[in-house]
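Observations on the three-dimensional arrangement
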Amino acid sequence: MKGKIIKGIGGFYYVKTPDGDVVECKARGIFRKENLKPYIGDEVEISIENKTGNIEKILPRRTMLLRPAVANIDAVVIVIAAKDPEPDTLFCDKLILSAEFAGIEPLICINKSDLKMDTNLLETYEKAGYKTLLVSAKNEDDAKKLLPVIKGKTSAFAGFSGVGKSTLLGILTGKKQETGEVSKKIKRGRHTTRRVELLELTCGGYVLDTPGFSSFEISGIKADELKNYFSEMQELNEMCRFKGCSHINEPDCAVKTAVESGEISKSRYESYKTFYETLKKVKDWENK
Ligand SMILES: Nc1nc2c(ncn2[C@@H]2O[C@H](COP(=O)(O)OP(=O)(O)O)[C@@H](O)[C@H]2O)c(=O)[nH]1
Ligand SMILES: [Mg+2]
Ligand SMILES: [Zn+2]
């Protein structure tokens, strides 16, 4: 029988089967020997013997996020608040980059549209070629505008604490989530753990909250390959005077020209430069 791992607790995996049951499963010892570990999101084959489930096989993974460790995420919904907390484009661009690097589609969701936004984030990300949505979780019907874009997919909701991820997920899954994380964070200690769990959408598909994970991993990216993960640079990468242009200091750079003309947003390019310098340092340090 096939199924999908939706959560794991104390060595047990909970596998959702096509007929809607959730089966408590153990992983076979063979996995440990072969250094294979099932992850949340994995599609698996299971067998049931004496009411106990066993994971027999892990099906090939489409994608893999490492922190949090989740397999087969199709989309990362990057949630930004119009205000409170103030949008942070560098942080948002880091989330987009980590999604691109993992081969996962990034979607930009600007929440709290009931509050006034100072910057034109929608334009910035639309120009970069990303799907963007402006919603307010204060209004259920408005928040449900997200459903058509995540229907049938497994999506991870990422973003700063306080932007409204849990409020949105509560509406989309029809199951109230713990909200107002700022105070929860202070209380977090021995008692609360960061548990990764896939929640089912009312319209089919799964969502994942990522509390406590401020951002995904980008340190595996080589500085010179960074430009390949900036969607809006794709068409320009071959148009600079120098082959292999890093778009930083080289003359006759098509990317810099596009930034000057406004075709590429300044904030996106600033983020690119910041990541480039950071990744360059990582490499220099590794080579010492
Ligand atoms: N004004 C406004 N407040 C919101 C909206 N969505 C969430 N909030 C509030 O923002 C706070 C943080 O929300 P929460 O869902 O816990 O954010 P999370 O940390 O990203 O999970 C809560 O007090 C919510 O009631 C919105 O669209 N508009
Ligand atoms: Mg939350
Ligand atoms: Zn260039």
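On a predicted model such as this, the values are computed, not experimentally measured, just so you know. (Residues numbered from 1 in each chain as written. Chains lettered and ligands numbered in written order. Predicted model: local features only at pLDDT ≥ 70, side-chain atom pairs only at ≥ 80, totals over all residues. Heavy atoms only, no water.)

1. Some details on the coordination of the zinc ion (ligand 3)
Six octahedrally arranged donors around a metal ideally form angles of 90 or 180 degrees; four tetrahedrally arranged donors ideally form angles of 109.5 degrees. Taken together, Cys240 (SG), Cys245 (SG), His247 (ND1) and Cys253 (SG) make up the full set of protein donors to the zinc ion (ligand 3), lying 2.1 to 2.4 Å away. Every donor counted, the 4 donor atoms about the zinc ion (ligand 3) form angles of 103 to 115° at the centre, which fits tetrahedral coordination. Positions of the donor residues of the zinc ion (ligand 3), expressed as sequence spacing, correspond to C-x4-C-x1-H-x5-C. Taking the relative accessible area as the measure of exposure, Cys245 reaches 1% and is therefore buried. (Donors = N, O, S within 2.8 Å, 3.2 Å for Na, K, Ca; no water. Tetrahedral: all angles 85-135°; square planar, octahedral: opposite > 155°, others 65-115°. Buried < 20%, exposed > 50% of the residue type's maximum accessible area, 1.4 Å probe, protein only.)

2. Some details on empty space enclosed by the protein
Overall, the coordinates contain 1 cavity of 30 Å³ or more when judged by the stated rule. Within this model, the largest cavity holds a volume of roughly 80 Å³. Forming the boundary of the largest cavity are 13 residues, of which Val79, Ile80, Asp88, Phe91 and Phe160 lie nearest the centre. Counting only elements with at least two residues in the lining of the largest cavity, the list comes to strand E8 (75-81) and helix H2 (89-101). Counting residues per element, the lining of the largest cavity draws most heavily on E8, at 4 residues. Among the residues forming the lining of the largest cavity, the class breakdown is 11 nonpolar, no polar and 2 charged. (1 Å grid on protein atoms, 1.4 Å probe; cavity = no way out; pocket = protein on both sides within 12 Å on 5 of 7 lines; lining within 4 Å. Points joined across faces, edges and corners; volume = space filled by probe spheres on them. Helix = DSSP H or I, 4+ residues; strand = E, 2+ residues; numbered from the N terminus. Nonpolar A, V, L, I, M, F, W, Y, C, P; charged D, E, K, R; others polar.)

3. What about the pattern of salt bridges?
Per the counting criterion, the structure on display carries 14 salt bridges. Between Glu43 and Arg62 there is a salt bridge whose closest N-O contact spans 3.4 Å. One end of the pair, Glu43, is in strand E4 (residues 43-49); the other, Arg62, is in the loop between strand E5 (52-58) and strand E6 (64-65), with 19 residues separating them in the sequence. Owing to a relative accessible area of 24%, Glu43 belongs among the partly exposed residues under this scheme. On the basis of relative accessibility, which here comes to 47%, the residue Arg62 falls in the partly exposed class. A salt bridge links Glu232 to Arg268, with the shortest nitrogen-to-oxygen separation between them at 2.7 Å. Separated by 36 residues along the polypeptide, Glu232 in the loop between strand E13 (206-209) and helix H8 (254-261) and Arg268 in helix H9 (residues 266-287) bring together distant segments of the chain. Taken as a pair, Glu232 and Arg268 share a single burial class, namely buried. Beyond isolated ion pairs, a larger network of salt bridges with shared partners links Lys4, Glu43, Arg62 and Asp74. (Salt bridge = Lys/Arg side-chain N within 4 Å of Asp/Glu carboxyl O.)

4. Side note on H8
Where H8 is concerned, the buried positions are Ala254, Val255, Ala258 and Val259. One face of H8 carries all of its buried residues, which in axial projection span an arc of 145°. Set apart from the buried face of H8 by more than 90 degrees, the exposed residues are Glu260 and Ser261. Directly after H8, the chain includes Gly262, whose backbone phi takes a positive value near 90°. (Arc of directions from axis to C-beta.)

5. Regarding the nonpolar core
Core analysis: the biggest nonpolar cluster contains 41 residues, and Ile55, Ile73, Ile78, Ile108 and Ile110 have the highest contact counts within it. Ranked by residues supplied to this core, first place goes to H2 with 5 residues. Taken domain by domain, the makeup of this core includes at least three residues from each of domain 1 (2-58) and domain 2 (64-209). (Core = buried A, V, L, I, M, F, W, Y, C linked by side-chain atoms within 4.5 Å. Domains from an automatic or database assignment.)

6. Topic: the site of ligand 1
Inspection of the region around ligand 1 gives 18 residues, with Asp114, Ala137, Gly162, Thr167 and Gly180 positioned closest. Here Gly162 contributes a backbone N or O atom positioned 2.6 Å from an oxygen atom of ligand 1. Here an oxygen atom of ligand 1 sits 3.0 Å away from a polar atom, N or O, in the main chain of Gly164. Protein contact buries 81% of the 580 Å² of open area that ligand 1 shows by itself. Sort the elements by how many residues they give to the shell around ligand 1 and helix H6 (residues 165-173) lands first, with 3 residues. (Near = heavy atom within 4 Å. Polar contact = N/O pair within 3.5 Å; in protein donor to acceptor, adjacent residues only side chain to side chain. Areas by Shrake-Rupley, 256 points an atom, 1.4 Å probe, with all protein chains shown as cover.)

7. Digging into the sheet that holds E13
Strand order in this open sheet of 6 strands is E10-E9-E8-E11-E13-E12, and the pairing throughout is mixed. Pairing within the sheet leaves two strands with one partner each, and these edge strands are strand E10 (131-134) and strand E12 (198-200). In this sheet, adjacent strand axes meet at a mean angle of 25° when their direction is disregarded. Two strands pair when backbone bridges link them, and E8 and strand E11 (residues 154-158) are joined in this way by 4 bridges, in the parallel orientation. (Pairing = 2+ DSSP bridges. Axes fitted to C-alpha atoms, helices over the stretch in contact; angles between N-to-C directions.)

8. A closer look at the packing of aromatic side chains
By the definition in use, this model includes 6 aromatic pairs. Ring centres 4.3 Å apart and planes at 10° place the aromatic pair Phe91 and Phe160 in the stacked group. With Phe91 in helix H2 and Phe160 in the loop between E11 and H6, this residue pair connects regions lying 69 residues apart in the sequence. According to the relative accessible area criterion, Phe91 is buried, its value standing at 14%. Relative to Tyr229, the ring of Phe101 has its centre 5.4 Å away and its plane inclined at 85°; by these criteria the two rings are edge-to-face. (Phe/Tyr/Trp six-rings, centres within 6.5 Å; stacked < 30°, edge-to-face > 60°.)

9. Focus: the domain arrangement of the protein
Its domain assignment divides the protein into domain 1 (2-58), domain 2 (64-209) and domain 3 (223-287). Across the contact, 13 residues belong to domain 2 and 13 residues belong to domain 3. Here domain 2 packs against domain 3, burying approximately 1,200 Å² in sum over the two surfaces, 60% of which is carbon and sulfur. Our count for the contact surface shared by domain 2 and domain 3 stands at 1 salt bridge. (Contact = heavy atoms within 4.5 Å. Buried area = accessible area lost by both parts, 1.4 Å probe.)

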